[in-house]
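Residues per chain are reported as follows:
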Amino acid sequence: MFKEYPYPVPKTERDITIGIPRVLSYWDTMPFWTTFFKSLGYKVQLSDESTREIYESGLSAVTSDTVCFPAKLVHGHLRNLVKKYHVDHIFMPSITTVPPENMEKTSESMCAVVKGYPIVIRNSDNPQDKWNVPFDAPLFHWHTKKDRQHQLVKYMEEVYHVSKEEVMNAMHTADQAQKSFDQQLKKRGEEILNEVKEKNEFAVVLASRPYQNDTLVNHDLSKMFTKAGIAVLTADSLPEVNQTELSKSRLDIVNNYHARMLSSAILCAQSEHLEYVQLVSFGCGHDAYLSDEITRMMKEISGKTPLILKVDESDNQGPLGIRVRSFLETVKMGREKHQKLEVKELQEPYPVKFTKENRKEKIALVPNTSHAFCRIMTAALRGQGIRAVALDIGREEAIRLGKKYVHNDICFPAQMVIGELIGELKRGGYNQDEVAVGMVKFQCDCRMSHYAGLLRKGLDSAGFSNVPILTTDVNDTKRNHPGVFLLGVSAVLEAVWSFMMLDMLTDVCRKTRPYEINKGETDRVYQQCVDNLAKAIKSGIGSARKAFEQGMKDMAAIPYDRSHLKPKVFITGELLVTYHSGSNFNIERYMEENGMETIFPRITDQLRKDFLASMAEIKDYNANIFPYPFAVDWLFDHVQKSLEKTAVLHPLYKKALRPRDMYQGVKNIIPETLSCGEGWLMAAEIVHYAKEGVKSFIILQPFGCLPNHICGRGVIKRIKEDYPNVTILPLDLDPDTSYANVENRMQMMIMNS
């Protein structure tokens, strides 16, 4: 990984030392990058191997105390490069997507922390600002090799002033170095496999992300096995790891690192000479569902049980050693029985389907984002012939059931919505043959991609194995609902119109309720408006527009007194915990009861920002993406302009800034093409409202939400430098969050507002 690979004599010797920190994705791509820069005539200096001293040297600069240990290490490695080696530049790119290395074409996303941490460094711990060392952190979107060629050539020409010919030659040499490393790794893996087979012994696959091979991160775990005489392999050293069939996984394969862990689990389950150990970083939002799926697949294939070890920066070699010894003893006892491993094929992961015939036969339960959003979504589904039923907002009981039937470390939104659905099934008296459950699902790097898999596990565990799942996945990658698509052209049109109407009604509701003369009237009228809109949308967009116009008139008729304005607080964050009152301690009402006027993001802006990100990838990076986002964005613009002609009839409605215009306020803070989680939108909204005089901001995030480390906590310091008078309160929420702690922190904000 860190050795020097051959390269031709550079055309030009450049007397510049490029510093490369020994962190994150460099543990996978170091042969490429070191060879690339050396081929161009640059000197390359790596940071030292990780030590406790290096870690602690950068600890004060960490912006999020719950981010994973490998990310926290970055700050110390930068200081090592600057203070010990006095490098001229530090190079640390953000690479959002890479071509799949396996059989799953969706496996192209990078972890939010891996691709986003250079952005955190630039905003909070920039070597340029601290030590006058340029921090070169380009953003790349490499959907294809052609994308990589175009973007890297352009960057090197513009920033380093290197010719296209030199860059192309250096890329070719670097590719050869990376290929050589991969071949040597797999060759050694094959040799070890042959050795243990000949001796009728076993080796352990230490499955992790590449950067967890850092011995400080994994607490030198491999030595615990080798001292016991057990050979250790990494997941990517297995010769067949990239040719393993993953279609029978419940999970959508959206990340090459995840694919390696899942593929190696299958290979271990099938082999008498391999055992499996998964290394999990504390605070990694993805490891929970991976651990569940690895365990499920291995058990189904051959009954094997993996060893799952969670590590962080604390010194826990003692407990780790105990678990390793116990695991090895269990494996050896099993092998002494000389039982032949009985290997079975993985079964269809979603055996129960929602079919076209089920549209009229089955009731489809729809969980909540906000209750109003759920009502409109349910109405839109009914318009498509689906017998959809909106659920009540889940609270304590839904949380209890979510904790019971979903992995304890998975994100709060998944636990809440799955808890809502299972709770309704348990108390609703439904016949399993007459009911289905709905679930949001998109192809992305968020844990939301895997909610259907988590839901399937929860339903099966709760005794509802015959209940099918209906998702918003337009590709239906797991064939949950063959031939049934929820987001066709007509559905998208209705959704854009109806959710834009809902945003505008909700906007005037929040501006009216704190100042209403007759307590409770705003809620009563607003709920009636939502009911009328939900009924009307089933008859088409024309009927919905009439209901919207009447709703705006009804909202405008509510008596209110805004002669003494209250301080405003903007509440943003992860989509569900921001809008779902059962997940956020009903924060909207709490703030209003304590003398504040609340502002929330528009749900339609949350939907739009991903299309805007794709548009920017196409325009600015020449990315190989089908250009449909331009049409969708045009539709949003058209609908907004049309509806605002009606909305402005309400005296409190102010035309909303379009997201693309809002982005201009943060274009020097966060890239427009960063779409993980809430992407750039969260920062853009905070800056927008700070300019308008809002001084209080709350960011709500589920514990372990990786995008929050980048898009939320990761930009707070930079925003406060530009707007020092604002207060930004980040709140992590999970099923066991202490209300007293949250309330104390909110009260501090209220008192200072």
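Heads up: the structure comes first, above all this text.
Predicted model only: the values in this text are computed from it and were never measured.

**Things to note about the overall build of the protein chain**
(1) Moving on: Per the secondary structure count, the protein chain includes 27 helices and 18 strands.
(2) Moving on: Whereas a compact globule of 753 residues would reach a radius of gyration of roughly 27 Å, the protein chain reaches 27 Å, a difference of no more than 12%.
(3) Moving on: The dimensions of the protein chain, computed from C-alpha atoms along their principal axes, are 80 × 65 × 50 Å.
(4) Moving on: For the protein chain, with 753 residues in total, the buried portion stands at 61%.
(5) Moving on: The long-range share in the protein chain, meaning contacts at least 24 apart out of those at least 6 apart in sequence, stands at 76%.

**Some thoughts on the pattern of salt bridges**
(1) Moving on: Inspection of every chain in the model, using the stated rule, returns 48 salt bridges.
(2) Moving on: Between Asp125 and Arg79 there is a salt bridge; the shortest N-O distance is 2.8 Å. On the criterion of sequence distance, the pair formed by Asp125 in the loop between α4 (112-124) and α5 (127-131) and Arg79 in helix α3 (residues 69-84) is long-range, its members being 46 residues apart.
(3) Moving on: Ionic pairing is found between Asp236 and Arg260, a salt bridge with its closest N-O pair at 3.7 Å. You can see Asp236 sitting in the loop between β8 (231-234) and α9 (256-270) and its partner Arg260 sitting in helix α9, a full 24 residues away along the chain.
(4) Moving on: Residue class for Asp236 comes out buried when judged on its relative accessible area of 17%.
(5) Moving on: Classification of Arg260 as buried rests on a relative accessible area of 7%.
(6) Moving on: What you see here is one network of salt bridges that share partners, running through Arg510, Arg513, Asp523, Glu588, Arg589 and Glu592.

**Structural notes on the nonpolar core**
(1) Moving on: Counting 117 residues, the largest nonpolar core has Val437, Met555, Met591 and Ile698 as its most contacted members.
(2) Moving on: No other element matches the eleven residues that helix α17 (residues 489-512) contributes to this core.
(3) Moving on: Among all residues touching Val437, those that are not within four sequence positions of it are Leu365, Leu421, Leu425, Leu455, Leu459, Val467, Pro468, Ile469 and Leu470.
(4) Moving on: Residues Cys68, Ile95, Tyr160 and Trp680 belong to the second largest nonpolar core, which totals 86 residues.

**Observations concerning helix α11 (residues 317-336)**
(1) Moving on: Look at α11: 28 Å from first C-alpha to last across 20 residues, which is about the 28 Å you get at 1.5 Å a residue.
(2) Moving on: Of the residues making up α11, those classed as buried are Leu320, Gly321, Val324, Phe327, Leu328 and Val331. Down the axis of α11, the sector holding all buried residues measures 130°, keeping them to one side. Along α11, exposed side chains directed more than 90 degrees from the buried face belong to Pro319, Ile322, Arg325, Thr330 and Glu336.
(3) Moving on: If you follow the buried residues of α11, they end up packed against α8 (221-226), β9 (274-281) and β10 (307-311).
(4) Moving on: Backbone geometry just after α11 places His338 at a positive phi near 55°.

**A word on the packing of aromatic side chains**
What describes a pair of aromatic rings is the distance from one ring centre to the other and the angle between the planes of the rings.
(1) Moving on: One pass over the full model with this rule turns up 27 aromatic pairs.
(2) Moving on: Between Phe140 and Tyr155, the ring centres sit 5.9 Å apart and the planes meet at 90°, which makes this aromatic pair edge-to-face. In this pair, Phe140 is assigned in strand β6 (residues 139-140) and Tyr155 in helix α6 (residues 145-160), connecting sequence segments 15 residues apart. The burial state of Phe140 is the same as that of Tyr155; both residues are buried.
(3) Moving on: Joined through ring pairs, the aromatic side chains of Phe32, Trp33, Phe36, Phe37, Tyr42, Phe91, Phe140, Trp142, Tyr155 and Tyr160 make up one cluster.
(4) Moving on: A cation sits over an aromatic face here: Arg22 above Phe2, 4.4 Å from the ring centre.

**Considering the pairing of β8**
(1) Moving on: When strand β7 (residues 203-207) meets β8, the two strands line up parallel, connected through four bridges. By the bridge assignment for β8, Leu206 is matched with Thr234.
(2) Moving on: Regarding topology, α8 serves as the crossover connection from β7 to the parallel β8, and that connection is right-handed.

**Describing the sheet that holds strand β17 (residues 696-702)**
(1) Moving on: Spatially, four strands are ordered β16-β15-β17-β18 in an open sheet, and the strand pairing comes out parallel. Every interior strand has two partners, whereas the edge strands, β16 (597-599) and β18 (727-733), have only one. The mean angle between the axes of side-by-side strands here comes to 25°, regardless of whether they run parallel or antiparallel.
(2) Moving on: Pairing of strand β15 (residues 568-573) with β17 involves five bridges; the strand directions are parallel.

**Details of the packing of helix α13 (residues 371-383) against helix α18 (residues 521-537)**
(1) Moving on: At their nearest, the axes of α13 and α18 sit 8 Å apart, and the two run at 15° to each other. Accordingly, the angle class assigned to the pair α13 and α18 is roughly parallel. As for the relative orientation of α13 and α18, their crossing is right-handed in sense. Counting all contacts with α13, which are made through Ala372, Arg375, Ile376, Ala379 and Ala380, the residues of α18 involved are Tyr526, Val530, Asp531, Leu533, Ala534 and Ile537.
(2) Moving on: For the contact of α13 with α18, the per-class residue count stands at nine nonpolar, no polar and two charged.

**Looking at the packing of helix α14 (residues 396-405) against helix α15 (residues 412-428)**
Helix packing for two helices is described by the angle between their axes and how far apart those axes are.
(1) Moving on: In the contact formed by α14 and α15, the axes pass within 7 Å of each other and the chain directions differ by 105°. By the angle class used here, α14 and α15 are roughly perpendicular. Residue-level contacts link Ala398, Ile399, Leu401, Gly402, Lys403 and Tyr405 of α14 to Phe412, Gln415, Met416, Gly419, Glu420, Ile422, Gly423 and Lys426 of α15.
(2) Moving on: Its residues placed into classes, the contact of α14 with α15 shows seven nonpolar, four polar and three charged.

Rules used throughout
Residues numbered from 1 in each chain as written. Predicted model: local features only at pLDDT ≥ 70, side-chain atom pairs only at ≥ 80, totals over all residues. Heavy atoms only, no water. Helix = DSSP H or I, 4+ residues; strand = E, 2+ residues; numbered from the N terminus. Rg over C-alpha atoms; globule rule 2.2 N^0.38 Å. Buried < 20%, exposed > 50% of the residue type's maximum accessible area, 1.4 Å probe, protein only. Contact = heavy atoms within 4.5 Å. Salt bridge = Lys/Arg side-chain N within 4 Å of Asp/Glu carboxyl O. Core = buried A, V, L, I, M, F, W, Y, C linked by side-chain atoms within 4.5 Å. Expected span 1.5 Å × (residues − 1). Arc of directions from axis to C-beta. Phe/Tyr/Trp six-rings, centres within 6.5 Å; stacked < 30°, edge-to-face > 60°. Lys NZ or Arg CZ within 6 Å of the ring centre and 35° of its normal. Pairing = 2+ DSSP bridges. Right-handed = clockwise from strand over helix to strand, strands pointing away. Axes fitted to C-alpha atoms, helices over the stretch in contact; angles between N-to-C directions. Parallel < 35°, antiparallel > 145°, perpendicular 65-115°, else oblique. Left-handed = near helix turned anticlockwise from the far one by under 90°. Nonpolar A, V, L, I, M, F, W, Y, C, P; charged D, E, K, R; others polar.

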